[in-house]
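Reading the structure
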Amino acid sequence: MELQLRSSGGDPTAARGTIVFLHGFPFDGSVWAAQLEALPEGWRGLAPDLRGFGRSDIHADPGIVPTGADVGTPVAKATEPVLTMELLANDVAGLIEREEAGPAVVCALSMGGYVAFELWRRRPDLVRALVLVDTRSEPDTDEGREARMRMAQTARDAGAAAIAGAMLPTLLSNRTLDRHPEVADRVREMILQTPPATIIAALAGMAIRHDATGDLPTITVPTLVVVGEEDPITHVDHARAMVERLPDARLEVVPAAAHLPVVEQPEAFNRLLADFVRRLEG
Ligand code: MLT
């Protein structure tokens, strides 16, 4: 089984280009619903469910999923699968090739950004431009890895509902939580659909991810860095530090949003995206 996909924008030959949307953890391609509904004119959008998430099987073809024993991280037990960023990036490269979408604009949220960095390291020929949303180039700190171990244990013991309860207050701004319960419900529902095995596997993969900071000066394609003003996970300082190292990047801070500006402020985000891709057309 290949990666499952939501798409919008029709005929690849008529398109001005393709935007490949990479979701964060522990979501699926539907986090980009508002972007697929309002794509910039003439552009095609592809929003895969990354391996193990949404409707994509963790053992999707091709590729063998390593285990905790293979990669040597304590976040996953010896026999539990690990979703490395390398594996996820290879999947995305395969998808771009299969869909004849390259080089594509890669618009990536948080964990999706870690995958995008890995894609750039492996297959820069497939990347036309980058939109990095609420993500960071640094690897986990020791403290961060310990937090991932605790979260993996919570997923084993209490399932996705406990993960949703713990994560929601950090994903959404207080304003969204107070005034837009429907947005919180949608995000909670996406997390509840994520199998605990995928949650553990992705936590383990993120815990051993490569430090992409040294790669930033090599990213010569136009890059838009977007961050929610109130993001407590990947805050504005992370975004600013990346922009300073990227050769061709611009920073946009989205007010009244935390970690998920794409769902909290979709109209503002879509305007930024449309403006960015329009500049690529010329
Ligand atoms: C995400 O939204 O993908 C996660 O917050 C990333 C992470 O846990 O580092």
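If you're wondering where the values come from, they're calculated on a predicted model, not measured in any experiment.

Attention now moves to the overall build of the protein chain. Regarding its fold elements, the protein chain presents 11 helices and 7 strands. Here the protein chain has a C-alpha radius of gyration of 17 Å; the compact-globule value for 282 residues is 19 Å, and the two agree. Considered along the principal axes of its C-alpha atoms, the protein chain spans approximately 50 × 45 × 35 Å. Here the protein chain, with 282 residues, has 54% of them falling under the buried criterion. Here the analysis covers contacts within the protein chain between residues at least 6 apart in sequence; of these, 77% occur between residues at least 24 apart. Put simply, the protein chain shows about 11,500 Å² of open surface, and 49% of that area lies on carbon and sulfur atoms. Across the protein chain, the centroid of the 27 positively charged side chains sits 1 Å from that of the 41 negatively charged ones.

With that settled, the discussion passes to the side chain of Thr223. Here Thr223 lies in strand S6 (residues 223-228). For Thr223, a relative accessible area of 2% puts it in the buried group. Of note is the side chain of Thr223, whose polar atom sits 3.0 Å from the backbone oxygen of Val221. Discounting chain neighbours no more than four positions away, the residues touching Thr223 are Leu130, Leu132, Leu246, Asp248, Ala249, Arg250 and Phe276.

Our next topic: the site of the ligand. Lining the immediate environment of the ligand, one finds Gly24, Phe25, Ser110, Met111, Tyr114, Arg148, Met206, Ile233 and His259. Phe25 places a polar main-chain atom, nitrogen or oxygen, 2.7 Å from an oxygen atom of the ligand. Across the complex, the protein chains shield 94% of the 270 Å² of accessible surface that the ligand would expose by itself.

One finds Met111 and Val131 to be the most contacted residues of the largest nonpolar core, which totals 96 residues. Beyond its immediate chain neighbours, meaning those up to four positions away, Val131 contacts Val105, Val106, Cys107, Ala108, Leu224, Val226, Phe269, Leu273 and Phe276.

Closest axis-to-axis distance for the helix H5 (residues 142-171)/helix H8 (residues 196-207) pair is 9 Å, and the angle between their directions is 170°. Looking at the two axes, H5 sits roughly antiparallel to H8. Contacts from Arg145, Arg148, Met151, Ala152, Ala155, Arg156, Gly159, Ala160 and Ile163 in H5 reach Pro196, Ile199, Ile200, Leu203, Met206 and Ala207 in H8. Partitioning the contact of H5 with H8 into residue classes produces 11 nonpolar, 1 polar and 3 charged.

The buried fraction of S6 is high, at 6 of 6 residues. Residues Thr223, Val225 and Val227 of S6 are buried on one face, and the alternating residues Leu224, Val226 and Gly228, pointing to the opposite face, are buried as well. Where strand S5 (residues 127-133) lies against S6, 4 bridges are found, and the strand directions are parallel. By the bridge assignment for S6, Val133 is matched with Val226. One ladder, built from 6 bridges, connects S6 with strand S7 (residues 249-254); its direction is parallel. Residue pairing across strands places Thr223 opposite Ala249, the latter belonging to S7.

For the rest of this paragraph, the subject is the sheet that holds S5. Strand pairs in the sheet, formed through backbone hydrogen bonds, run parallel or antiparallel to each other. Strand order in the open sheet made by the 7 strands is S1-S3-S2-S4-S5-S6-S7, with mixed pairing throughout. Two strands lie at the open edges of the sheet, namely strand S1 (5-8) and S7, each paired on one side alone. Taken pair by pair, the neighbouring strands of this sheet meet at an average axis angle of 20°, ignoring direction. Of the pairings in the sheet, the one linking strand S4 (residues 104-109) to S5 comprises 6 bridges and is parallel in character. Note on S5: the bridge partner recorded for Ala108 is Leu132.

This part covers the pairing of S4. Looking along a regular strand, one sees side chains alternate from face to face of the sheet. With respect to burial, S4 is a largely interior element, 6 of its 6 residues being buried. Alignment of strand S2 (residues 17-22) against S4, held across 4 bridges, turns out to be parallel. Within S4, the residue paired with Phe21 across the bridge is Cys107. Remark: the S4/helix H4 (residues 111-122)/S5 crossover connection has right-handed handedness.

Note on placement: Gly228 falls in strand S6. As for Gly228 and Val254, which are separated by 26 residues in sequence, their C-alpha atoms are 4.7 Å apart. Filtering out sequence-adjacent residues up to four positions away, Gly228 remains in contact with Asp134, Val236, Val254, Ala257, Ala258 and Pro261.

Glancing now at unusual backbone geometry. Note: most peptide bonds trans; most residues except glycine with negative phi. Of note, the bond from Phe25 into Pro26 is cis; its omega dihedral lies within 30 degrees of zero at -5°. Secondary-structure assignment places Pro26 in the loop between S2 and helix H1 (33-37). Here the amide bond leading from Gly102 into Pro103 is cis, since omega sits at -10°, within 30 degrees of zero.

About the criteria used
- Residues numbered from 1 in each chain as written.
- Predicted model: local features only at pLDDT ≥ 70, side-chain atom pairs only at ≥ 80, totals over all residues.
- Heavy atoms only, no water.
- Helix = DSSP H or I, 4+ residues; strand = E, 2+ residues; numbered from the N terminus.
- Rg over C-alpha atoms; globule rule 2.2 N^0.38 Å.
- Buried < 20%, exposed > 50% of the residue type's maximum accessible area, 1.4 Å probe, protein only.
- Contact = heavy atoms within 4.5 Å.
- Areas by Shrake-Rupley, 256 points an atom, 1.4 Å probe, with all protein chains shown as cover.
- Lys, Arg positive; Asp, Glu negative; His and termini not counted.
- Charge placed at Lys NZ, Arg CZ, Asp CG, Glu CD.
- Polar contact = N/O pair within 3.5 Å; in protein donor to acceptor, adjacent residues only side chain to side chain.
- Near = heavy atom within 4 Å.
- Core = buried A, V, L, I, M, F, W, Y, C linked by side-chain atoms within 4.5 Å.
- Axes fitted to C-alpha atoms, helices over the stretch in contact; angles between N-to-C directions.
- Parallel < 35°, antiparallel > 145°, perpendicular 65-115°, else oblique.
- Nonpolar A, V, L, I, M, F, W, Y, C, P; charged D, E, K, R; others polar.
- Pairing = 2+ DSSP bridges.
- Right-handed = clockwise from strand over helix to strand, strands pointing away.

So far we have only geometry, and geometry alone does not tell us how the molecule works.
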